[in-house]
Amino acid sequence: MLRKGEVVVRHTWGWANAERRIAFTPRTLFRICSISKQFTCALMLDAFPDPSVLDDDVRAHLPLLDGRPPGALHLCHNQSGLRDYWAVAMLHGAAVEAPFAEVEARRVIAGTRSLHFTPGTQSSYVNQNFRILSSIIEARTGRGFAELLRSRLFERIGMEGAFLAADTRAMPDGTEGYEGTQTAGFRAAENRILWTGDAGIGASLDDMIAWERHIDATRDDPEALYSRLSAPVSFMDGADARYGFGLGRASEFGRAVTGHGGALRGWRSHRLYVPTERVSVIVLFNHLADARSAALDALAAALGEARSRPDPSVPPPSWLGTYLEPETRLAARVTAAGAGQVELRYGHTAERLDLRADGTASSRSGTRLGAVDGVLRMDRPSENVRTRLDRCVGDAVADIAGHYRCDELDADLHVADAGGAVYGAFSGFLGQGRMELLDPVGADVWTLPCPRALDHTPPGDWTLAFARDAGGRVGSVAVGCWLARRLTYRRIA
């Protein structure tokens, strides 16, 4: 933790590698994962002050895209409308520990034929936005991304140990990431992804302290990198965006905060910066504890604040249940979650919302649920989405077994009735996915779980919304999750 550029607390504990008994130190290398995105954008702004000059380069990475492509700024702000490539990889049958390197990434990205929303109108987290940017920067400059990061950023900032740790299989100093719990035991996480501008940077605690000191030292310069990275961003309709240039924008304890988290299986990290207080917090875990929550606890202590708690006296609302969002065709499941809270399963991960006395519920991120004239409405300002939710009624009928094909992806969905239990699996150029038990959530609406994925956080349950022809036979299914929506599979057998 830093205040006014000076370290208040700097502490490491535990083992960088438990098997080899390598202890953590402030210089231990660490995968900062998606915190890398702000550095990719910083490098881009340093080399290309007007990112729009790269718009044609973005188009070149999407040769099959039908319609207007996103621009470079859409990529920087997660407003591209692209489907996340690690989520799409699961639709291509990727195994959890499968290699995913340049060849696989290029094929998934180049195969894009449509977007799941118009660029600039909404926000959706897309890792390859930043991989595309790093590839463009390399091609434009004729220099490697690793060398550019070192010479144009890390050396200037004083991040002496930071480097591009593109290969997720190992760190050069032996640091290991772990999956598991104290009760069930821990094991080294197996990762075989090769990444670049999306999440590829390795850095120590001291390196991250150097970044925070640089931010504080240049805070009054409007042309400084972090000043430009954290400048206000908006959507096409003028609404304020809460993500831009690889940074989240939020309000915590009544103060504007910028920051970002990072995660891969075995690794969790989070950093926060409060400009009005000149306070920075950095948390790095080589296990799967909640780094964001730990960062918020540390920030609360630094500011002398208390984290808000739900009001346990507010009763559960009448609108608990399962719904379908009409545009995305994604399931939204709302359940009770302890005193004064509900849980919404719709986005990337399950989200806790605090119940209010007026009958609504809202989360720290701004997500809001509330009934208006008997219709449940959902507002997600971070995505610029305001919509109704249609309740799923009726019972699912298990006549959906068959073979379905997505022409856009050139990939398949197999649904099988195994003795009365219905299973589904995806397959494509990356392999045959594991058969998973489907969960019926309404008439012709099922979910297919994805409990593990290439990335740390799985894409979430896939919603399978089946459609029937005039004769009542299932003819197609809309498949999607928050990271990859609106894909149509037609029944071929």
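The model shown is predicted, which means the values in this text are computed figures rather than measured ones.

Draft legend 1. Here's a closer look at unusual backbone geometry. Unlike most non-glycine residues, R21 shows phi in positive territory, near 55°. Assignment of secondary structure puts R21 in the loop between β3 (15-17) and β4 (22-23). For D410, which is not a glycine, the phi torsion comes out positive at approximately 55°. With respect to the helices and strands, D410 occurs in the loop between β23 (402-406) and β24 (411-418).

Draft legend 2. Expanded view of the environment of Q432. The topology assignment puts Q432 in strand β26 (residues 431-432). On the accessibility criterion, Q432 (74% relative accessible area) is exposed. Q432 sits 339 residues away from G93 along the chain, and the two C-alpha atoms are 4.5 Å apart. Not counting chain neighbours up to four residues away, the residues in contact with Q432 comprise G93, F426 and S427.

Draft legend 3. Region of the structure containing the packing of aromatic side chains. Evaluated as defined, the whole model comprises 13 aromatic pairs. Where W86 meets W195, the ring centres are 5.6 Å apart and the plane angle is 40°; that geometry is what we call tilted. In this pair, W86 is assigned in helix α4 (residues 85-91) and W195 in the loop between β8 (185-188) and β9 (201-203), connecting sequence segments 109 residues apart. Of the two residues examined, W86 and W195, each falls in the buried class. Here the aromatic residues F39, F154, W211, Y226 and Y273 are joined through ring pairs into a cluster of three or more.

So, how was this worked out
Residues numbered from 1 in each chain as written. Predicted model: local features only at pLDDT ≥ 70, side-chain atom pairs only at ≥ 80, totals over all residues. Heavy atoms only, no water. Helix = DSSP H or I, 4+ residues; strand = E, 2+ residues; numbered from the N terminus. Buried < 20%, exposed > 50% of the residue type's maximum accessible area, 1.4 Å probe, protein only. Contact = heavy atoms within 4.5 Å. Phe/Tyr/Trp six-rings, centres within 6.5 Å; stacked < 30°, edge-to-face > 60°.

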